[in-house]
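Architecture at a glance
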Amino acid sequence: MDSGPGIRRYYQTLFYIDGEKTNIDGYADQVGNHYISSGDGSGICTVYDRNGDAVTALSGSYWSICSGYILLSDDNGGQYVCDENGNVLFSSGEMPADVYSLLPGNVSSCTFYFEWIDPTGSLLIAQAETEDYSASCDFAYDLADKKILTGPGEDVEMYGTLPDGTAYYTVHSEDGTVHICLGTDVQPVTDADGKEYSYCLVQNDIAYLAWSDGTNYYADPYDAESARTDSDGRITMNISGYSDDAADNMSLAAKGIFVSESYDSTDPWGAVWVNGELSEQGDSAYSYGQGNYSVVYCSSLSIYQTESGEKLTGFPSGTGLLDVTPPVIIVNEGSYLCVCNSDGELVRAYLPTKTLPMSSLPGAAGSRVHSRHPHSASPE
């Protein structure tokens, strides 16, 4: 909204889980039942309650919201974990001295960057970096017991939460081995035969723990109720004949559907496996998950229901994906720009003179008009 000639002001509306909302003059991020604003750039972040009343002021030049917590940096490089009221729960100044042993050489000081905290507030992923920027590592820290969970020569590379809310992170060692830890338990997660998992793939409410022997990729469905994994539901994919990074670049698109792509520009390739069988291969591949649907592209474009893995529709070869915001999917086929619903059925087709932003598409979030696919559509 404009407030006058030459001046542009921005307004936001924050919605809470009970359906109530707060209108804000300016920019802010929501954290629980509060919101935080950097104000006028003076280096002070203010936390407000949902009524717009200031709760506390935090001295910081940068902040981010993670799992309902505030991660804050001050102008002196200090890092802080705050609750939604702005109360400091942990600071980099409280880090134990043995954190310096994680970095090579005789290091007595370093800079910290708080990167992620799990929703329970018990596991922190942070980075330690030498003052001369010559070495760094990501590490896991137990906020409750105030101890470092990873050791020298180890580096945390992936982290997040599983469908049941359990935190996970992968630990890479100097010898090249990789294992997965859950929560603040430092014991590697293994399958029924004691094999350590190397990969954790999550998409919405489904997850697989996986490992590879270079020839096959073994993925076990994650089940928190029965020893955390279900070996009876294991999916095995033959990845021989693909480059060495095929396993490292594997992603989960939907239940039983895995996508891998090489990032080697000299020999690009992509592949899609459905329930262990090679389904498609081409020069590139990717998946884009949104809500209950996942769009998968390799040699062609397909839409899957995420939780069941059911293929909802396939588009003709040559169809390109522009945007996915269920219930709307925007694709282009030749000169046509087509608005489809989440089942891939055409809502409207355009013959634009230029690429249209999604917000300018009439009826972009509208109901289904007819059920023909884009290649049989007549343009408006």
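Quick notes on the rules
Residues numbered from 1 in each chain as written. Predicted model: local features only at pLDDT ≥ 70, side-chain atom pairs only at ≥ 80, totals over all residues. Heavy atoms only, no water. Pairing = 2+ DSSP bridges. Helix = DSSP H or I, 4+ residues; strand = E, 2+ residues; numbered from the N terminus. Axes fitted to C-alpha atoms, helices over the stretch in contact; angles between N-to-C directions. Buried < 20%, exposed > 50% of the residue type's maximum accessible area, 1.4 Å probe, protein only. Salt bridge = Lys/Arg side-chain N within 4 Å of Asp/Glu carboxyl O. Core = buried A, V, L, I, M, F, W, Y, C linked by side-chain atoms within 4.5 Å. Contact = heavy atoms within 4.5 Å. Polar contact = N/O pair within 3.5 Å; in protein donor to acceptor, adjacent residues only side chain to side chain. pLDDT = per-residue confidence, 0-100.

1. Focus on the sheet that holds strand 9 (residues 62-66)
With antiparallel pairing, four strands are arranged side by side in an open sheet as 9-10-11-12. Each edge of the sheet is formed by a strand with only one pairing partner; in this case those strands are strand 9 and strand 12 (88-91). Strand after strand, the sheet turns through a mean of 25 degrees between neighbouring axes, direction not considered. Pairing geometry for strand 11 (residues 79-82) and strand 12, over three bridges, is antiparallel. Residue Val81 lies in a different strand from strand 12, and its bridge partner there is Phe90.

2. Description of the sheet that holds strand 35 (residues 336-340)
Ordered by their spatial adjacency, four strands build an open sheet running 33-34-35-36, and the pairing between neighbours is antiparallel. Single-partner strands in this sheet number two, and they are strand 33 (320-325) and strand 36 (346-350). Mean inter-strand twist for the sheet, computed between neighbouring axes without regard to direction, equals 20 degrees. Two strands pair when backbone bridges link them, and strand 34 (residues 328-333) and strand 35 are joined in this way by five bridges, in the antiparallel orientation. Bridged to Ile329 within strand 35 is Cys340.

3. So, the environment of Pro221
By the element assignment, Pro221 lies in strand 22 (residues 216-223). The spatial distance from the C-alpha of Pro221 to the C-alpha of Leu201 is 9.6 Å, given a sequence separation of 20 residues.

4. Some thoughts on unusual backbone geometry
Of note, Ser67 is a non-glycine position whose phi angle comes to about 55 degrees, a positive value. Turning to its location among the elements, Ser67 is positioned in the loop between strand 9 and strand 10 (69-73). For Ser67, a relative accessible area of 33% translates into the label partly exposed. Positive phi, close to 50 degrees, is recorded for Lys146, a residue that is not glycine. Tracing the backbone through its elements, the reader meets Lys146 in the loop between strand 15 (136-142) and strand 16 (147-148).

5. Structural notes on the pattern of salt bridges
Taken as a whole and assessed by the stated rule, the structure comprises three salt bridges. In this structure, Asp191 engages Arg234 in a salt bridge whose closest nitrogen and oxygen atoms are separated by 3.0 Å. Separated by 43 residues along the polypeptide, Asp191 in the loop between strand 19 (178-182) and strand 20 (199-203) and Arg234 in the loop between strand 23 (228-229) and strand 24 (235-238) bring together distant segments of the chain. Overlapping salt bridges bring together Asp191, Asp220 and Arg234 as one network.

6. Some words on the pairing of strand 11
Across four bridges, the pairing between strand 10 and strand 11 is antiparallel. Bridged to Leu72 within strand 11 is Tyr80. Taken together, strand 11 and the strand that follows it, strand 12, pair antiparallel across an intervening segment of five residues, in which Gly86 is found at a positive phi of about 90 degrees.

7. A closer look at the nonpolar core
Core analysis: the biggest nonpolar cluster contains 32 residues, and Phe139 and Tyr169 have the highest contact counts within it. Broken down by secondary-structure element, the contributors of at least two residues to this core are strand 10, strand 13 (111-117), strand 14 (123-129), strand 15 and strand 18 (167-172). Ranked by residues supplied to this core, first place goes to strand 14 with five residues. Other than its neighbours up to four places away in sequence, Tyr169 contacts Leu123, Ile125, Ala140, Leu149, Thr150, Val156, Met158, Tyr159, His179, Ile180, Cys181 and Gly183. Grouped together as the second largest cluster of nonpolar side chains are 19 residues, Tyr199, Phe258, Trp269 and Ala271 included.

8. Thoughts on the side chain of Gln127
Mapped onto the secondary structure, Gln127 falls in strand 14. You can call Gln127 buried: its relative accessible area is 17%. A distance of 3.2 Å separates a polar atom in the side chain of Gln127 from a polar atom in the side chain of Asp138. Discounting residues that sit within four places of it in the chain, Gln127 has contacts with Thr111, Phe112, Tyr113, Glu115, Ser136, Cys137, Asp138 and Phe139.

9. Considerations on the confidence of the model for the chain
Across the chain, the average pLDDT comes to 82, with 84% of residues at or above 70. Considering only residues more than four positions removed or in separate chains, one finds that residues 1-9, a stretch of pLDDT under 50, has seven contacts. Within the model, pLDDT remains below 50 along residues 354-380, and this stretch shows 52 contacts once partners closer than five positions in the same chain are excluded.

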